[in-house]
Amino acid sequence: MKEKVISRTVLCGAMLLGIATMAIPAVAFAQHTTTQNTVSQIKVAGTVKDEEGPVIGASVLEKGSSNGTITDVNGRFTLNVKAGGTLVINYVGCKSAEVKVLSESISVTLKQDSRALNEVVVTALGIKRDRKALGYGLEEVKGGVFEKAKETNVINSLAGRVAGLVVSQTAGGASGSTRVILRGSTEMTGNNQPLYVIDGVPLDNSNFGSAGTSGGYDLGDGISSINPDDIESMSVLKGPAASALYGSRASHGVILITTKKARNERYSVEYNGTLTVDNQLSKWNNIQQVYGMGSNGSYSIDAVSNTNKSWGPKADGGNMLRYFDGTEHPYLIIPDNMSGFFRTGLTANNTVTVSSNTGNTGLRFTLSDVRNKDIVPKSSLSRDIFNLRANTTLKKVDFDFSVNYTHEDVQNRPALGDSKSNIGKNLMTLANTYNQAWLRTYQNENGEYSNWNGMDPYNVNPYWDVYKNSNESKKDLFRLHASAVWNIGSHLKIKGTSGAELNWFNFQDFKAPTTPGYEAGYLQNNQFQNKMYNFELIATYNNRWKDIDVTGTVGGNLYKIDKQTSIITAQDMQIRDVVALMSFNETSLQENTYRKQINSVFGAVNLGWRNLVYLDATIRGDKSSTLPVNNNTYVYPSVSGSFVFSELVKHNDVLPYGKIRMSWAQVGSDTDPYKLGLVYSKSKFTYPGYTIGYIDNEVIPNKDLKPTKTNSFEVGFETKFLKQRIGLDFTYYNQISRNQIMGMASTWATGYPYRLINAGEIQNQGIEVTLNTRPVQVGDFSWDLNFNFSKNNNKVRKLTDNMDMFELEKASWLDVQVAAKVGENFGSIIGPDFKRNTDGNILIDPATGLPTYDKSNHVLGNASWDWTGGINTTFKYKNIGLTALFDVKVGADLYSMSQRAAYESGKSMATLDGREAWYKSEEERQAAGITKGSALWNPTGGFVSPGVIDNGDGTYRPNDIKINPETYWMSVSRNAPAMFIYDNSYVKCREITLSYQFPKKWFGKFIQDMSFSLVARNPFIVWKSIPNIDPDSNYNNTTGMGLEYGSLPSRKSYGFNLYVKF
Amino acid sequence: MKTNIRTYILLLLTIFAVGVSSCSDSYMENLNTDPSKANSIDPNAQLTTAELQTYGDLGMVEMYRNYHYAFAQQLMGCWNTTNFGGRHTIDNNEMSRMWISFYPKAIKNLTDGISRSNENASLSNVNGALRIYRVYMLSLMTDVYGDAPCSEAGLGYIDGKFNPRYDTQEEIYTWFFKELKEASIALNQSGDKISGDVIYKGDVTKWKKLANSLRLRYAMRISDVAPEKAKQEFEDALSADGGILASALDDAMIKYMEVPFSFGQESYTDYRGNALSKLLFGNDPANNPSYLCSTFFNQMKNSGDPRTYRIARFYYDGLMSSTSTNNRIDLTEEVLKKGVPMNPRDPGAFSWEPWPTGYESDILKEIALTNPSVQTSMTRETEPKLANNFLKSDNPGVVITYGEINFLLAEAALKGWNVSGTVADFYAKGVRASMNFLADNYGCDKITDAEFSTFITNNGIGYTNEQKKAAINTQAWILHFTNPAESWSNVRRSGFPRLKSPAEYGFAQFLTGGADIPVRLSYPVLESSYNKKSYDEALSRMGGENSWNSPLWWDVN
């Protein structure tokens, strides 16, 4: 029944859309017959002033033409115009003025632009409101900033732009997903991602697959299918008060995306193209250049073992070594070895927009084509987005439809994390005398894996992985949206919105036989079929009685999601020349579903008094299918208010705008489906005659689950002064989630690694400051400098009884976890540490000369940022503009397993310490004929582990035992993660754009507008403290904090952008 | 006009409200039911899962290779065995493998299956089998970790036991005896068919034998710490209804199948093959095969044990396939003929350290004529490796065998418990059964009666009780080679064979986890956070430290 209603609605929407599309050209032609009169020209001379005197460089334009000029130093201008025409005068910071040409001499006094004071922003439910009426923080980013220096995933462009918004990407490259966190993590076990709402319809941003603890691929996200050229603006609703009307899914904030409608012009065609060249941003260049491949100061006997160790003798080129394929190469350091593997990437992003608008009907069509050739060989992406939007008004009803179709094809996503196929991991430890290019002979004459390192499955030849193994994903995504607004009278309107998203995604992963770890060959085909529907009906009533302005909104929403996944796994490849399921001896099938529905009703009241005081209240009730039926309805309110105190001081130029605001809100939340009871399944593997059956749940189900509630409180202060050249926005917030639904870790002895409970308390408390300034404005030159700053304190205050921490993510083979620990910031890095005496000195074991370790859990660092910020600056001179964006992140720790590997493999600079002396000592020992490890020998040199030895009587002596530095570093890299925890702070340049707007007088009538820009994304890292890798590196894209391993180099891109409008 | 509007709105909202709220409870509940999963399953399917997981869980058996085989000094030289167990390297992740594998799979499902078949007459036999098997699985756990959750284990959902108590090992063993006895009695030949059993194909009489035989094993295990109880249980089990394993036909062996060789992610959830055998083949076989430890190899070699070159072989692996032992070149005959010095690895030694002396191989010189890529000078090839027979995915998984029963009876006789037979007889029968065991289950060449009698003549049980105990348990140690859990437990329990620390072989400077051979494995560190109260309680009984040098309750030798 329900499905029927849904399908019918979608069908109706689509039909209406079709009708609208057909109707438009007819209308367009009908209106094409207006004629033009010829009118005589007159020469006008005039002056332009503002309240303080003449204005230099104001633009004067004849309305409806490209005829124009600018004012001189005295504010004067002359221009030939049609008699009876209109002049449009524009000047930065002032309201634009229109003057009818009635005489040859004109004087214009511009008024200060108070547009900023009456800035209209898009708020929850797509309602446009005056900024000063808002009782909560909201930041709006205009679509224009995304259009020139483009990212393949538009959301990456937000990095550094919004206070309190942290963007992180995996090293997965162009096709990867992006993680956005607003005001810290509010849920301990959820994904903490904000809700994206596009023109009133929530987007399904789920990842199809993430690279988890054991590696894997980042299969991208939903938001990447938004074309930057379609974005009118993005509103970032950070706190619950802003997003309370969106309910459960908005508990981590909302990013509202308003897309463009047809331009207010009869007909226009635009082209926007960006072409960039992509290269490695971070490089493995901080490594020792003295010793080469080997162990214990000697060569590998066969050049097949120790290939990933640089603990050999000095690389003096004196010797030739014979490698696995029979070739011989001199034993010399290969500088910048890893870079040789990567190629120069290329990204082309072309968009054509056709827009037409006739009277009440607008139509806009965009076609965007993105092609990316990654820096990783064989890895590429192509994405085409078709977007059609039509809006029309029939009498009192406004209709708005859009259809979006995205097709994406990604070849060979790079494997991440612990994955045996992670090429970053496998390249970074390669001995520094082992040229990676020698691995190009990755297969033998039978097409089988060449044994280059003793078949070590943890160091697979990266060329084999790239050229022999493969993966491919294809996505077909339809997003439909239809809305109708019925304007019943001047005070009342009703809006209905329906949206649907249908997504078919297919991922195929192939491992050729003889791949170490997949010796028999492997093919996996993942098919995802996701459907999401959203219906909403809202009635809004607005009226004004004397000084009081009242808006009331009531509405309802129905949201349904239905995902189906089937995974076919094939093993044991028998037919080797075709990669198809039938080539394999054993195939198995696994099916999963995810279905849920939330029904909601909500209401809001907005009161305003004399533009001075505003008060909002909202309430929403949700009924979620994922909760127990007796507990599945939850209601939560919000209240917010603002006081525009600048209204009290009329015409005060010193403080034209000042406001304080305050809000309190509660947001309720549900959980994932099927969490209430046990279910059983069977193994996908067949054991003839038997059933391998078991409980499917990994999480203890909970029949008594209650909805999560998050409370938040926020106060803020906004002001603009110095003729609005300085704008300041300050926010303090305090958000507490208690008894949230979480998959809390549980002792394995219960039978389940997790249990679903209402527990815990997590607090996010912080400040956000946005400062917009224009330090210089002289004539045609202006300089804008904007800062944002955010400090968030993300404390874990309580878990559950008798529990002080639980693991969020782990590097299991190193015994390190990222955890929620009571009393600490969310994301503690926890693991073993050295044993120390009371003075804090490391205790050295006199038997081994090595440090001793305490294998219980210690807090070693914290992965939350102390503060984050951004600097955005723009210089403008006439038609030339230069903008730069910097992203600043400070204070988080990162356990770098890559750096750890650099020490273990003898590549790090610090591993040089004591080598020469130890190797000399060993020669002396051998010369003396004393066996290794014999107590008769005292080494004459070597590495002395920092620390002390217990004398047994309460005193300690400094360690003086000389050992092999290799032994020391192997030991600490295995046992002392604290050594490899780095301050992950950085300052990155995210974007530089230099653009030139061609003067209109250069073109004929055919071209209306044209600009050319030189663009760069992530061109350089200003400062970082971690060597070799990009500080943005991640272990995976799930929790994505605190751990890093085998990160591929990040990419920088340089190129140009051309925009032409016809 | 105004009323009109109001009517419209009201109407619209009413329609919407009805639409929204019309979703009844049953609709919502139905939506929250996973259509791709079942609400119930035959408990027999859970028995299959538990049995297969025993040796089929690739993640779990890694622990055996890393610690058990090294501590029992049966394997040594492979990177994993030497690095972790051979050099006493404490690794929390490696030590936790059994705990984090068995509780959330086998024990959870056994407990669930038991709970759903309790008091169901039509499932009473499978209920009995599940109970017996749960005891066996829990015994593996307690013999590794000591005190551990048992009575409250796996009850997270059924009973809401979120913080299960660590029962003391004494309580656990007491419960084992009771549980085995009751379960055995409840088994009834005319009852339901145990259709999920991949050990005995559901033969109820054999399950009774298994329950009684396990009681013998557990009684012997506690014989030094609780001799009275041990004797009583042992004798009781001997006379219990159904009897004990009476021949090799009664051996409790989990039947595994041939599965494609792989160490990819998939293979960690595929329990159908003997993962231990696959692992001993090596996940990087050309560089990481299983080498025998000198303690084990020399014991066999020096005693003239006919099993020596059935278990240990000398191979050249340069041409070996990466998915099977195909093209492995067997040098054993050449090594023996030429009298090449053999270099089994001492406890603590890697296969490459110290680098062994070698020889020039005629076999490989012959091959080199047509294949110049092979090497002809053999070095590490003189280190004995585990024979191909033990590296097959369809090798059985050993629970308990007739051979072991004889050794248990021999020791019981030695203790003067009431068993009908002599120590020497049981000993000889045990050795003979152990030798047959290799041919019966691993395809080794049959050991002839002549070979056996030569061996038994030269290796008598001895004269003193100490010698007899040593002989019995050394033979049990050889028998248990393919049952690493029992092998290490019995070495710790009996104190035989006497093993020397790697420190005594010159590896003291590498023993970061202490010079003494560890006698248990530490609990997962996260237990200190996830089940704090119970964990602290258990630790307080061990002197406050989660140390691997604290002996288990039954380990008093």
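Fair warning: this is a prediction, and the values are worked out from it, not measured in the lab. (Residues numbered from 1 in each chain as written. Chains lettered and ligands numbered in written order. Predicted model: local features only at pLDDT ≥ 70, side-chain atom pairs only at ≥ 80, totals over all residues. Heavy atoms only, no water.)

### Some thoughts on a nonpolar patch on the surface
A contiguous nonpolar patch, built from A:L275, A:V277, A:L346, A:Y877, A:I880, A:L882, A:L994, A:F1012, A:L1014 and A:F1056 and spanning about 780 Å² of accessible area, is present on the exposed surface. Along the polypeptide, A:L346 turns up in strand β21 (residues 345–358). (Patch = residues over 30% accessible without salt bridge, like charges linked within 9 Å, V, L, I, M, F, W, Y side chains within 5 Å. Areas by Shrake-Rupley, 256 points an atom, 1.4 Å probe, with all protein chains shown as cover. Salt bridge = Lys/Arg side-chain N within 4 Å of Asp/Glu carboxyl O. Helix = DSSP H or I, 4+ residues; strand = E, 2+ residues; numbered from the N terminus.)

### Concerning unusual backbone geometry
Leaving glycine out, the prevailing phi sign among residues is negative, and the prevailing peptide bond configuration is trans. All names here are of chain B. For the bond running from E353 to P354, omega is 5 degrees, close enough to zero to count as cis. Along the chain, the position of P354 falls in the loop between α15 (332–338) and β7 (359–360). Geometrically, the link from F496 to P497 is a cis peptide bond, its omega value of -10 degrees lying close to zero. Its location among the elements puts P497 in the loop between α21 (484–494) and α22 (527–530).

### So, the packing of aromatic side chains
One pair of aromatic rings is described through two measures. These are the centre distance and the angle between the planes. Taken as a whole and judged by the stated rule, the model has 74 aromatic pairs over all chains. With a centroid separation of 4.4 Å and 15 degrees between ring planes, the pair formed by B:F350 and B:W352 is classed as stacked. Taking the relative accessible area as the measure of exposure, B:W352 reaches 35% and is therefore partly exposed. Their ring planes at 45 degrees and their centres at 6.4 Å tell us that B:F507 and B:F510 sit as a pair that is tilted. The exposure class of B:F510 is partly exposed, given its relative accessible area of 22%. The structure contains a cluster of three or more aromatic residues connected by ring pairs, namely A:F341, A:F342, A:Y442, A:Y449, A:Y463, A:W464 and A:Y467. The ring of A:Y752 carries B:K108 above its face, with NZ or CZ at 4.1 Å from the centroid. (Phe/Tyr/Trp six-rings, centres within 6.5 Å; stacked < 30°, edge-to-face > 60°. Buried < 20%, exposed > 50% of the residue type's maximum accessible area, 1.4 Å probe, protein only. Lys NZ or Arg CZ within 6 Å of the ring centre and 35° of its normal.)

### Looking at the pairing of strand β5 (residues 76–82) of chain A
All names here are of chain A. The alternating pattern of β5 places F77, L79 and V81 on a buried face and R76, T78, N80 and K82 on a face that is not buried. Examined bridge by bridge, strand β1 (residues 41–50) and β5 share seven bridges and lie antiparallel to one another. The residue bridging Q41 from the neighbouring strand is K82, located in β5. (Pairing = 2+ DSSP bridges.)

### Remarks on the pairing of strand β11 (residues 138–142) of chain A
Residue and element names in this part refer to chain A. In terms of burial, β11 is a largely internal element, four of the five residues being buried. Relative to strand β16 (residues 231–237), β11 runs antiparallel, the two being bridged by five bridges. Bridge pairing links V141 to M234 in β16.

### Quick word on the interface of chain B and chain A
In this assembly, 96 residues from chain B lie in contact with 104 residues from chain A. In this assembly, chain B packs against chain A so that about 8,500 Å² is buried in total across both faces, 60% of it on carbon and sulfur atoms. It is B:Y157, B:E266 and B:Y530 that lose the most area in chain B upon contact with chain A, and together they represent 10% of the buried surface on that side. Inspection of the chain B/chain A interface yields two salt bridges. The partner of B:R272 in a salt bridge is A:E586, with the nearest N and O atoms 2.8 Å apart. Of all the secondary structure elements, the ones that give two or more residues to the side of chain B that touches chain A are α1 (2–21), α2 (25–31), α3 (43–56), α6 (92–95), α7 (97–117), α22 and α23 (532–541) of chain B. (Contact = heavy atoms within 4.5 Å. Buried area = accessible area lost by both parts, 1.4 Å probe.)

### A word on the sheet that holds strand β3 (residues 59–62) of chain A
All names here are of chain A. What the four strands build is an open sheet, ordered β4-β3-β6-β7; its pairing is antiparallel. With one partner strand each, in any of the chains shown, β4 (68–70) and β7 (97–100) form the two edges of the open sheet. Mean inter-strand twist for the sheet, computed between neighbouring axes without regard to direction, equals 20 degrees. The pairing of β3 with strand β6 (residues 86–90) spans four bridges and is antiparallel. The partner of V60 across the bridge, within β6, is I89. (Axes fitted to C-alpha atoms, helices over the stretch in contact; angles between N-to-C directions.)

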